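So the chains spell out like this:
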Amino acid sequence: MDTQKVIEMLRADMRGEQQAIIQYLAHAYALGEGEVSGGIEAIAREEMRHLDWLADAIVELGGDPDMGREPPDLSAAAPSAQMLKNVDLEQQAIDQYRAHMEAIEDEGIRRLLARIVHDEVSHQKEFQGYAEDLADEGDAAPEGGAGGANPRLAQILNYGVRHEYTVVLQYLYHSFVADDCELREEMQNAAINEMQHMGWLAEELQEKGQQPEFDHHDPFFSRDAVANLEADIAIEEEVTRAYSSQIPQVQEEDIREILSRVRDHEIYHADLFRDLLAEARERQAEAEPPAEAPEESQESEPPDGAPAVPPIGSLIK
Ligand SMILES: [Fe+2]
Ligand SMILES: [Fe+2]
Ligand SMILES: [Fe+2]
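Residues numbered from 1 in each chain as written. Chains lettered and ligands numbered in written order. Predicted model: local features only at pLDDT ≥ 70, side-chain atom pairs only at ≥ 80, totals over all residues.

(A) Just the nonpolar core, in detail. Counting residues in hydrophobic clusters, the biggest one holds 68 residues, and the most contacted among them are Y24, L25, A44 and V168. Those elements that place two or more of their residues in this core are α1 (3-31), α2 (35-60), α3 (79-103), α4 (107-136), α5 (151-176), α6 (181-207), α7 (225-246) and α8 (253-287). Ranked by the residues each element gives to this core, the list is headed by α1, at 14 residues. Each of two domains, domain 1 (1-142) and domain 2 (145-286), supplies a minimum of three residues to this core. Apart from residues lying up to four places away in sequence, L25 is in contact with E41, A44 and G199. Core analysis: the next-biggest nonpolar cluster, separate from the first, contains 5 residues, M83, F127, A131 and L134 among them. (Core = buried A, V, L, I, M, F, W, Y, C linked by C-beta atoms within 7 Å. Buried ≥ 20, exposed ≤ 12 C-beta atoms within 10 Å, placed from the backbone. Helix = DSSP H or I, 4+ residues; strand = E, 2+ residues; numbered from the N terminus. Domains from an automatic or database assignment. Contact = placed C-beta atoms within 7 Å.)

What follows is the structure, given as structure tokens:
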């Protein structure tokens, strides 16, 4: 099977993983704090790990990670019915991974998919258990605020969810294509932090009896670490300004506190990204010697004992 087809299969698998992440998080937020929602969020985190592994395999094959998703089922239903939807979604994933394992010859990728299937099988059992427990408990939904959020508050919270979802995708992609280990790790940590923000804001909406929209803007995706970090700093500065102007408009003190905490994290992110940008610029300068370098230096041997400059390809993980 040619590499392009393998890449296409893994890209389809990534879209299924993002679908699962959003569907599960939506269910967890709707349930509010508790054992079941904690368990569902843990499953969503494992799906994020799958997304990461698939992206790595795709990059290694020379492909582009797919940050799209199949449409999650976000329609309202009793909690136990939501869990049964997740049982079905896990089955779809298991079937798709097994079909891909049969079609793909590469041993390493088959091993990766087998490991993911293993997780999906245990997720499916967990969802089955949650469905039974929630049905036994009479499918008690958390008390949603009867009146719903006031329109301005809903607008502010939905703005936040949309921003946070956008940067989760943007930072994950930037970590997948990072040319440096530290950059990779920091972008992944930032993505996880943004996912927490999305959760806090979405839960506030849910508590007011309102379903978050789970849309996102177009994230900035490139293979250039410098361009990526410049876009990351710009979006952090923009959202910091937006949250700062929104905070005084919120009447509820607890929500003002959450927004302030999120805003302070964004300020930290921008500072961190400025440091990472300086380092990325240095790496770029080292990798690309000035175009008008004197000719002799291009031909000169490395000084005794010094290693030759590695080709650019080897600098990319
Ligand atoms: Fe998964
Ligand atoms: Fe954030
Ligand atoms: Fe941020």
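Still more ground to cover, so stick around.
(B) Representation of α3 in the model. End to end, α3 covers 37 Å across 25 residues, agreeing with the expected 36 Å (1.5 Å per residue, within 8%). Every buried residue of α3 is listed here: P79, Q82, M83, N86, L89, E90, A93 and Y97. Where the residues of α3 are buried, they touch α1 and α4. (Expected span 1.5 Å × (residues − 1).)

(C) Molecular detail of the packing of α5 against α6. Where α5 meets α6, the closest approach of the two axes is 8 Å, and the angle between their N-to-C directions is 160°. Here α5 is positioned roughly antiparallel relative to α6, judged by the angle of their axes. When you trace α5 past α6, the crossing you get is left-handed. Split into classes, the residues belonging to the contact of α5 with α6 amount to 16 nonpolar, 6 polar and 4 charged. (Axes fitted to C-alpha atoms, helices over the stretch in contact; angles between N-to-C directions. Parallel < 35°, antiparallel > 145°, perpendicular 65-115°, else oblique. Left-handed = near helix turned anticlockwise from the far one by under 90°. Nonpolar A, V, L, I, M, F, W, Y, C, P; charged D, E, K, R; others polar.)

(D) Main features of unusual backbone geometry. The backbone phi angle of F214 is positive, close to 50°, even though this residue is not glycine. If you trace the backbone, F214 turns up in the loop between α6 and α7. A residue is classified by how many C-beta atoms lie within 10 Å of it, and F214, with 19 of them, is partly exposed.

(E) How the structure looks around the environment of A234. By secondary structure assignment, the location of A234 is in helix α7. A residue is classified by how many C-beta atoms lie within 10 Å of it, and A234, with 13 of them, is partly exposed. Each C-alpha atom, one on A234 and one on A270, is 8.2 Å from the other, the two residues being 36 residues apart in sequence.

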